[in-house]
Amino acid sequence: MKRQLILSDISPDGEKIDLYSDIGIRLVSADGIGFSSEISSMQLYDRDGSLYQNSTLPQRGISLVVRYIGAKWKHEISKLRLNRLLDRKKELRLRYITDNIDVYIECRTEQVNTPPNTYPMVTQISLICPDPYWRKSGDNSIVMAGIIPLFEFIIGIPESGMEFGDIKAGTITDLWNGGTVESGALFIICLLYTSPSPRD
């Protein structure tokens, strides 16, 4: 089964480390990477009966423990490479890939700790994610009003004109969740052009 947990710089050309299979580094444990997140809600009633409601989205904390493998003298090289990527408060991207999931989450380094005089050498990494939701890598958009192509090569253009396409009303569209758990979704509906004669 394919499995990758890639820790990378935010910039597209930044350094990437696969914590499952990179040279010299192996992931021992990962906590806080579950795909669900809870919204904390609170209701307060005033003396006059008015209701105040507050909802907050707590940050996600991710804890990773990696072990250095290979020759003992190479452990310091792998540790320096990992520490260079994990500068304090640096913005990072953690990407999780399996056979049917490809998601990422934006995070920042909270703490990196390597206990001295331990063999095999391990490093504990604490990451904070201000937005606790995982996002799908790649395209998430669906065109809900598709265009039916009508263009054909013909001998001449008729006087009434020639249609290149027709817009199909797609009011019902199925969205497939390729993940392993139920998750919420944010839907943004965009109109990319103005309609000169809108219809109900």
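*Asks:* Quick rundown of the overall build of the protein chain? Include the residues and the values.
*Replies:* A tally of regular secondary structure across the protein chain gives one helix and twelve strands. Element order for the protein chain, N to C, with α for helix and β for strand: β-β-β-β-β-β-α-β-β-β-β-β-β. Each of the 200 residues in the protein chain was classed as buried or not, and the buried ones make up 24%. Summarising the internal contacts of the protein chain: among those between residues at least 6 apart in sequence, 58% fall at separations of at least 24.

*Asks:* How would you explain the side chain of S8 if you had to name every residue and give the values?
*Replies:* Summarising the element assignment, S8 is placed in strand β1 (residues 3-9). S8 has contacts with E15, K16, L85, L92 and R93, leaving out every residue within four places of it along the chain.

*Asks:* Explain the pattern of salt bridges residue by residue, including any values.
*Replies:* Here the structure, examined in full by the defined rule, presents seven salt bridges. Between E15 and R84 there is a salt bridge, with its nearest N and O atoms 3.5 Å apart. Here R84 lies in helix α1 (residues 72-85) and E15 lies in the loop between β1 and β2 (16-18), a separation of 69 residues in the sequence. Taking relative accessible area as the criterion, E15 reaches 25% and is therefore assigned partly exposed. Residue D22 is joined to R81 by a salt bridge in which the shortest nitrogen-to-oxygen separation is 2.8 Å. Of this pair, D22 sits in the loop between β2 and β3 (25-31) while R81 sits in helix α1, and the two are 59 residues apart along the sequence. On the basis of relative accessibility, which here comes to 14%, the residue D22 falls in the buried class. On the basis of relative accessible area, R81 is assigned to the partly exposed category, the value being 23%. By sharing partners, the salt bridges in this structure join E15, D22, R81 and R84 into a single network.

*Asks:* A description of the environment of R81 should follow, citing residues and the corresponding values.
*Replies:* For the pair R81 and I17, spaced 64 residues apart in the sequence, the C-alpha separation amounts to 9.0 Å. Non-local contacts of R81, meaning those with residues more than four positions away in its chain, are made with E15, K16, I17, D22 and I23. Within the structure, R81 has its side chain in polar contact with the side chain of E15 (distance 2.8 Å). Here the side chain of R81 touches D22 through a polar contact of 2.8 Å, side chain to side chain.

So, how was this worked out
- Residues numbered from 1 in each chain as written.
- Predicted model: local features only at pLDDT ≥ 70, side-chain atom pairs only at ≥ 80, totals over all residues.
- Heavy atoms only, no water.
- Helix = DSSP H or I, 4+ residues; strand = E, 2+ residues; numbered from the N terminus.
- Buried < 20%, exposed > 50% of the residue type's maximum accessible area, 1.4 Å probe, protein only.
- Contact = heavy atoms within 4.5 Å.
- Salt bridge = Lys/Arg side-chain N within 4 Å of Asp/Glu carboxyl O.
- Polar contact = N/O pair within 3.5 Å; in protein donor to acceptor, adjacent residues only side chain to side chain.

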